[in-house]
Amino acid sequence: RKEFDADFFTAVTRDAEVHGGDPFVVEAGIAYGGDLGAEGAVDLLRFANRVPLVYQRGACAITDVTKRINWRNYELTQPGGSGMPQGPAVVLVGVASTNVPFTSESKDAVANVPAIEDEIELAIREAARELKSHLKRRQSLDRRRRKREVLSEILPEMADKLASVTDQERPDVERALARIMNNVGVSHERENGRAHL
């Protein structure tokens, strides 16, 4: 949140696991929307023991796992069906351990260890499910808003026409619109200091 101005944030910390006698923990986070660039691949931020991994991105297990995930299941585009997803998002993955397995002495990339790769995938998928829920909810609200806008234009005209054809009083459009949109009205009353619905 400090680094990116996004609409949605989620973070996941997996339970500790063990590889080769050394415990490790995987953390993943996703930021989506806001001022993040919609063009091109998402940014992947890799960390080992809270230290950013800047070099050898292609040799890192974190990158490999991120590319293997089918991001279309989580509402992000992925040209060709594999590779880095595209969209206004940042994916952050960190591996913390007393002995992080690196690919070399330069400590620029996490080695491809199946146990660690599995935990990375589970953490990313868990965060991605929360992103998918957010995007689905936003799509639903957008559809509802568009429906309300269309009905708000059509219903008054229909009410006027109906009133002129039947020579009766114009029907209450707001109540009809509320019923169509399944809006629920709640009123509060206070009696003796207690609220009642």
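Below is a short write-up of the structure.

Considerations on the environment of Val12
Examined against the element boundaries, Val12 turns out to sit in strand β1 (residues 8-13). Contacts of Val12, omitting those with residues within four sequence positions, involve Val26, Glu27, Ala28, Ala123, Glu126, Ala127 and Glu130.

Quick notes on the pattern of salt bridges
A complete count under the given rule lists eight salt bridges for this structure. Taking the shortest distance from any N to any O, the salt bridge between Arg145 and Asp142 comes out at 4.0 Å. Residue Arg145 and its partner Asp142 are both found in helix α2 (residues 114-166); the two are separated by three residues, about one turn of the helix. Here the salt bridges share partners, and the residues they tie into one network are Arg14, Glu119 and Glu126.

Re the layout of surface pockets
Within this model, the largest pocket holds a volume of roughly 510 Å³. What lines the largest pocket is a set of 24 residues, among which Arg1, Ala11, Gly29, Phe47 and Leu92 lie closest to the centre. Elements with a contribution of two residues or more to the lining of the largest pocket: β1, β3 (22-32), β4 (43-48) and β6 (89-97). Residues of the lining of the largest pocket, tallied by class, amount to 14 nonpolar, five polar and five charged.

Quick word on the packing of aromatic side chains
A complete count under the given rule lists one aromatic pair for this structure. Taking the centre distance of 6.2 Å and the plane angle of 70 degrees together, the rings of Trp71 and Tyr74 count as edge-to-face. Classification of Tyr74 by relative accessible area gives buried; the value is 7%.

Reading the values: the criteria
Residues numbered from 1 in each chain as written. Predicted model: local features only at pLDDT ≥ 70, side-chain atom pairs only at ≥ 80, totals over all residues. Heavy atoms only, no water. Helix = DSSP H or I, 4+ residues; strand = E, 2+ residues; numbered from the N terminus. Contact = heavy atoms within 4.5 Å. Salt bridge = Lys/Arg side-chain N within 4 Å of Asp/Glu carboxyl O. 1 Å grid on protein atoms, 1.4 Å probe; cavity = no way out; pocket = protein on both sides within 12 Å on 5 of 7 lines; lining within 4 Å. Points joined across faces, edges and corners; volume = space filled by probe spheres on them. Nonpolar A, V, L, I, M, F, W, Y, C, P; charged D, E, K, R; others polar. Phe/Tyr/Trp six-rings, centres within 6.5 Å; stacked < 30°, edge-to-face > 60°. Buried < 20%, exposed > 50% of the residue type's maximum accessible area, 1.4 Å probe, protein only.

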